[in-house]
Every structure is written in structure tokens, then in C-alpha cells.
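Structural characterization, general
Single-letter residue listing:
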Amino acid sequence: MDTVTEIGPGKEPALCAACAVRNSSLCGALSAEELHGLNIISRRKTFERGQFHVLEGDDALEFANVVRGVGKLVRGAPDGRAQIVGLLFPSDFIGSYASSGDGAQEPFSIEAASEMELCLFPRAQFQKLAQEFPGLESRLLARTLTELQVARDWMVLLGRKTASEKVATFLLHVGQRVQNAGCHPTEGFDLPLSRSDIADHTGLTVETVSRQIGHLRKAGVLEMEGTRHVRWMDHDALSDAAGF
């Protein structure tokens, strides 16, 4: 169901005002009137864990902001396996704005790693608004450059870092993104991926991932409750273990 909110001059839509990622997402660059224009074309949708938002190769029909939860960027390998090539966190933007036209296709499948809520925008209407709102287009460019840097950093991780550094870097990255979303890693957070998925994402085996997490626990760098709930105990030590 589309979200349409009537507002008066200078007032932003109630749904946008209450949005947890209002200021950290690309919407943070917009005025109340511009938000109203974006709000008119938007709709919210929730995905259960394991449910796909789009599949690789689908027609690219929508852009989206992640409002809540974590998603996985998945790409198929030539041998038929699926490779996790990235993660999506609250405030992240989904969609390649550089790819335009009716023939644009989704470069990745997007799977909900946890319950995930998206704010969705029809592609053609969003691109038209981006041309009208300079703040929106400039923030899209900034996010594209940030994503490029993240991809380069991950290439270094996969190609140069040791197994222990890879696992520590992954935990540091997830904890920092959780922190940016308003939580604090010392208070604990749930890993969005299983050990198997972490292994796939870092290019390691499941046994190696478990062993390296065990080393970090024994060293007092972090604590774990069950297999997914993590608390940072020593941020500096975790950063050192990641090779920074």
C-alpha cells in the first residue's frame, strides 16, 4: 500500500518525521516540501528473514532505503553457488542510480538476513525527483563514492588479510554499522549472518570462522551469548586484531 500523507507548508510527512533513519539516509538532504514529494511516491514493505526483495537479473523497477533490519547482497557464481558480496544496514540505499533506462537489471539478489523493512520508490518517478532536487542527487553521488571505497576495502580484506584479520574486520564492520544505527556494540548486537554465511562472505571455512571467534573470546576481546549475540569488550584490541 502506498504511503501518502497530506501536510501543510513547511511540515514534513509524519511517517518521515518518525523514521529512524530520517537524518542518516539520503532523505536527510531534503526539505519538508521535497520530502513530501518523495513521500507521495513511496511505500513501505517488510520482508521476513530469508525472503528476497529482488533477484539477480530482474528488471530494476524500484529504488529503496533500508529502514530496519539487515539485507544480504548475493551474486550467483558460474558454478551455481551463491556468493554474499555485501551487507545492507539501516539507512543504506538500494539500487544503481547510474543505470538508467527501461533495460536496467538488478546486479544482485537481495535477501533479508533478518526481518527487514524497506521504503520503496518507483524507479522512473524517483529519477525524475532526483533531477528536481539537487540535494538528493548530490547525496546519491556521495553514497556511490562511499560504496566504491567500501568495495575496495573489502577487496583488500579478501586478498591480503589473514584469517584472524578477516573475522575481526567483519565483526568490527558489523559493530560499527550497528552503532551508526543507534545501538552500541558494548551493549550487544546480533550478528546478521550465520557462521556459514560469514565464511562465505570472508572466503573462509566455517571451522576457521568458529575457531577465530573462539580466539577473540578467549583473549577477552568480545563476549558471545549463543551463536549470534556479540558484545565488544575491547574495541582497540579488536581493531588491532583486524590489522588497523
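The paragraphs below set out a description of the structure included in this document. (Residues numbered from 1 in each chain as written. Predicted model: local features only at pLDDT ≥ 70, side-chain atom pairs only at ≥ 80, totals over all residues. Heavy atoms only, no water.)

Okay, the sheet that holds strand S6 (residues 93-94) next. Taken in spatial order, the 4 strands line up as S1-S8-S3-S6 in an open sheet, and their pairing is antiparallel. Edge strands, defined here as strands with exactly one partner in the open sheet, are strand S1 (43-47) and S6. Relative to strand S8 (residues 116-122), S1 runs antiparallel, the two sharing 5 bridges. Of the residues in S8, the one forming a bridge with phenylalanine 47 is methionine 116. (Pairing = 2+ DSSP bridges. Helix = DSSP H or I, 4+ residues; strand = E, 2+ residues; numbered from the N terminus.)

With that settled, the discussion passes to the pairing of strand S4 (residues 71-76). Note that S4 and strand S5 (residues 82-88) share 6 bridges and pair antiparallel. Residue pairing for S5: arginine 75 is matched across the bridge by glutamine 83. Linking S4 back to S5 in an antiparallel pair, the connection comprises 5 residues, with glycine 80 at a positive phi of about 95 degrees. Taken together, the 4 bridges between S4 and strand S7 (residues 109-112) define a ladder with antiparallel strand orientation. Within the sheet, the bridge partner assigned to valine 74 lies in S7 and is serine 109.

Okay, the environment of arginine 44 next. Tracing the backbone shows arginine 44 in strand S1. When its relative accessible area of 22% is taken as the criterion, arginine 44 is described as partly exposed. In the structure, arginine 44 is positioned 21 residues away from asparagine 65 in sequence and 9.6 Å away in space, judged by C-alpha atoms. A polar atom in the side chain of arginine 44 sits 3.1 Å from the side chain of glutamate 117. (Buried < 20%, exposed > 50% of the residue type's maximum accessible area, 1.4 Å probe, protein only. Polar contact = N/O pair within 3.5 Å; in protein donor to acceptor, adjacent residues only side chain to side chain.)

The antiparallel open sheet is built from 4 strands, whose spatial order is S2-S7-S4-S5. Each of the sheet's edge strands pairs with one partner strand only, and the pair in question is strand S2 (52-54) and S5. Each adjacent strand pair in this sheet contributes to an overall mean axis angle of 30 degrees, direction not counted. Looking at chain direction, S2 and S7 are connected through 2 bridges and run antiparallel. Its bridge partner lying in S7, valine 54 is registered against isoleucine 110. Relative to the sheet, helix H6 (residues 195-202) contacts S4 and S5, its axis offset from that of S5 by approximately 95 degrees. (Axes fitted to C-alpha atoms, helices over the stretch in contact; angles between N-to-C directions. Contact = heavy atoms within 4.5 Å.)

Two side chains that carry opposite charge are able to pair once their charged atoms sit near each other. Counting across every chain of the model gives 8 salt bridges. The shortest N-O distance in the salt bridge between arginine 177 and aspartate 92 comes to 2.8 Å. Of the two residues, arginine 177 sits in helix H5 (residues 163-180) while aspartate 92 sits in the loop between S5 and S6, which places them 85 residues apart along the sequence. As far as burial versus exposure is concerned, arginine 177 and aspartate 92 are alike and both buried. We note a salt bridge from glutamate 223 to arginine 231, for which the minimum N-O separation is 3.3 Å. Classification of arginine 231 as partly exposed rests on a relative accessible area of 29%. By sharing partners, the salt bridges in this structure join Arg44, Arg68, Glu115 and Glu117 into a single network. (Salt bridge = Lys/Arg side-chain N within 4 Å of Asp/Glu carboxyl O.)

On their own, these measurements won't tell you what the molecule is for.
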